[in-house]
There are 2 protein chains.
Amino acid sequence: MREFKRKARVLLIDDNADHLRGVKELITLESSYDVVATTTSASMGINLAKKYRPDLILMDVNMPEKDGLQAIQEIEKLDLGIRVICLSGYDDADLIFRAMKLGAKSYVLKTMASAQLIYAMDEVAAGKIYLPTALTSRFFEYFQRSFKEEQTVSAEENLLTYLTSREEEVLDLLTQGNNYKGIAGKLFISETTVKTHVNNIFQKLQVNDRTQAVLYALNNGFKRHKIAV
Amino acid sequence: MREFKRKARVLLIDDNADHLRGVKELITLESSYDVVATTTSASMGINLAKKYRPDLILMDVNMPEKDGLQAIQEIEKLDLGIRVICLSGYDDADLIFRAMKLGAKSYVLKTMASAQLIYAMDEVAAGKIYLPTALTSRFFEYFQRSFKEEQTVSAEENLLTYLTSREEEVLDLLTQGNNYKGIAGKLFISETTVKTHVNNIFQKLQVNDRTQAVLYALNNGFKRHKIAV
DNA sequence: TTTGTCTTACATCTTTGGATTGATAAAATA
DNA sequence: TATTTTATCAATCCAAAGATGTAAGACAAA
């Protein structure tokens, strides 16, 4: 049962009152969307989102204050299916990356043509995620750079490769927050044996205690776990 | 000093010989690129990449065998500035995500129009990263889903918010692998004071020892550090 | 067969870590 | 002003962690 005729409802959040008016006018005149509410405050925007449950939110994200990003996060946490489109004056790759990471469905620059904004709204209203080509390119450069850095670190020399398979098991249990007794119980071996393994692990990883061993493991490719308390 | 006139040189890797011929013909007839070599084997492709040092590589990535992805990784590791474009029969989000993560500069489906491929080559040759709109959308859905899973855990209730600023400092030093003495020295306070803080941290985070505290911190938004040994 | 590595295990000893209680002064808050 | 929170420090006490040396059985490689 989809509603075909109802106009999609939009909430505008922008701390610049002038720009807010401009966008509202643009949407009212040149698009088929209903502006149900506007506000210049991020926290007020969250309240209005709860109250009106719009289909879309046009959210201003300013660089210096990170209110905008936090607001996205909180709106996503509400889980009301409200789709957030970022409007920003900055084509900063980090900002784009973080906004998309938090669940924004689109990111459009204020300097772009108004048709671009309307197009983004149409795409997002149709359930898609949309980034202008130029920003997609920026996003991917940032994305690939961040992964490349991860790889080069572990490339130097990974002391983890010197561990025997049993030592890996022990280290894995250490990274879950187990003490000697816990590890002994889980591997069905004596506590003294565990101590032997752990000491060997310290030698091989060149660390002084279990916390450093765990940190080394996590920083060098060991998978993360939930803590077993 | 850029070379304007030289035609960009392309290496083709595709285990389907028929498709390989087709792509070669397409590029030769309809584009301004030079096909310098072709091969049906991924490992041979890496050798040819070293030998010819092409500007671009058109790489076939098949779903079942992950040779293609491994090949991308190895070519990126060579760090010769060779740009890899993925050609695939599958618009699988995970496959797209992994290919881009490993450094592919573009990802085009075999079912797409040949003009699309030429366009991708032009964009990549110009130094950009290019994904067709439809695939960008898929990529972002996958991207956001993977981050959403991470967040739901920490969204419940973050015990870190109960920490005082001093306790945060102490915890931060714990996540760098410091012991009591190390922390005391760095904060210019006595070791017993550090013990008090650490004990309070344990209470607030509901953990039993420093390793669990560190793991909780890392799993709930504390930034990662290098180990200070 | 010998050599070496891995896994298991124990004893001993020292150091570090963690729990608890109590106390003081400054600062924030009601 | 009174109250609470925060940051500082100390003394104990016990448990846990870590260092070191030794050694036996399993197993694989030379």
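Scroll up to find the structure.
These numbers were taken from a predicted model, which means no experiment stands behind them. (Residues numbered from 1 in each chain as written. Chains lettered and ligands numbered in written order. Predicted model: local features only at pLDDT ≥ 70, side-chain atom pairs only at ≥ 80, totals over all residues. Heavy atoms only, no water.)

Let's shift gears to helix α10 (residues 210-219) of chain B. In an α-helix, one turn spans 3.6 residues; hence positions three or four apart end up facing the same way. Within α10 of chain B, nine of the 10 residues are buried, which leaves the element mostly enclosed by the surrounding structure. Every buried residue belonging to α10 of chain B is among Arg210, Thr211, Gln212, Ala213, Val214, Leu215, Tyr216, Ala217 and Leu218 of chain B, and all of these are buried. Where the residues of α10 of chain B are buried, they touch α7 (165-174) and α10 (210-219) of chain A together with α7 (165-174), α8 (180-187) and α9 (191-205) of chain B. (Buried < 20%, exposed > 50% of the residue type's maximum accessible area, 1.4 Å probe, protein only. Helix = DSSP H or I, 4+ residues; strand = E, 2+ residues; numbered from the N terminus. Contact = heavy atoms within 4.5 Å.)

When chain B is fitted to chain A, the best match, at an RMSD of 1.5 Å, comes from turning it 180 degrees and sliding it 1.6 Å along the axis. In the structure described here, the two chain copies are related by an operation that fits a two-fold rotation axis. Residue threonine 211 of chain B, judged by its C-alpha, is the member of chain B lying nearest the rotation axis, at 2.8 Å. (Least-squares fit on C-alpha atoms with pLDDT ≥ 70 in both.)

Soluble globular proteins tend to bury their nonpolar side chains together. Phe139 of chain A together with Phe139 of chain B are the most contacted members of the largest nonpolar core, which totals 83 residues. Apart from residues no more than four positions distant in its own chain, phenylalanine 139 of chain A is found in contact with Ile96, Phe97, Met100 and Leu131 of chain A together with Phe139, Phe140 and Phe143 of chain B. Leu163, Leu187 and Leu218 of chain A together with Ile183 of chain B belong to the second largest nonpolar core, which has 45 residues in total. (Core = buried A, V, L, I, M, F, W, Y, C linked by side-chain atoms within 4.5 Å.)

Further remarks concern the interface of chain B and chain A. Taken together, the contacts link 44 residues of chain B with 45 residues of chain A. Linking chain B to chain A there are zero salt bridges. The tally of links between chain B and chain A comes to nine residue pairs in polar contact (both at pLDDT 80 or more). Counting residues per element, the ones that place at least two in the side of chain B that touches chain A are α3 (67-78), α4 (93-101), α6 (133-155) and α10 of chain B. Ranked by residue count, the leading element in the side of chain B that touches chain A is α6 of chain B, at 12 residues. Split by residue class, the side of chain B that touches chain A holds 20 nonpolar, 14 polar and 10 charged. (Salt bridge = Lys/Arg side-chain N within 4 Å of Asp/Glu carboxyl O. Polar contact = N/O pair within 3.5 Å; in protein donor to acceptor, adjacent residues only side chain to side chain. Nonpolar A, V, L, I, M, F, W, Y, C, P; charged D, E, K, R; others polar.)

Next up on the list: the protein's contact with DNA strand C. Near DNA strand C, the surroundings consist of 17 residues, among which Thr164, Arg166 and Ser190 of chain A together with Asn199 and Arg210 of chain B are the closest. Sugar and phosphate atoms represent 69% of those atoms of DNA strand C found within 4 Å of the protein. A distance of 2.4 Å is found between a phosphate oxygen of DNA strand C and a side-chain nitrogen or oxygen belonging to threonine 164 of chain A. Contact between DNA strand C and arginine 210 of chain B: a phosphate oxygen at 2.9 Å from a main-chain N or O atom of the residue. Those elements that place two or more of their residues in the surface near DNA strand C are α7 and α9 (191-205) of chain A together with α9 of chain B. (Near = heavy atom within 4 Å.)

Residue and element names in this part refer to chain B. Judged by pairing direction, the sheet is parallel, and its five strands sit side by side in the order β2-β1-β3-β4-β5 without closing on themselves. The sheet terminates laterally at β2 (34-39) and β5 (106-109), the two strands that pair on one side only. In this sheet, neighbouring strand axes are inclined to one another by 20 degrees on average, regardless of whether the strands run parallel or antiparallel. Alignment of strand β1 (residues 9-13) against strand β3 (residues 56-61), held across four bridges, turns out to be parallel. (Pairing = 2+ DSSP bridges. Axes fitted to C-alpha atoms, helices over the stretch in contact; angles between N-to-C directions.)

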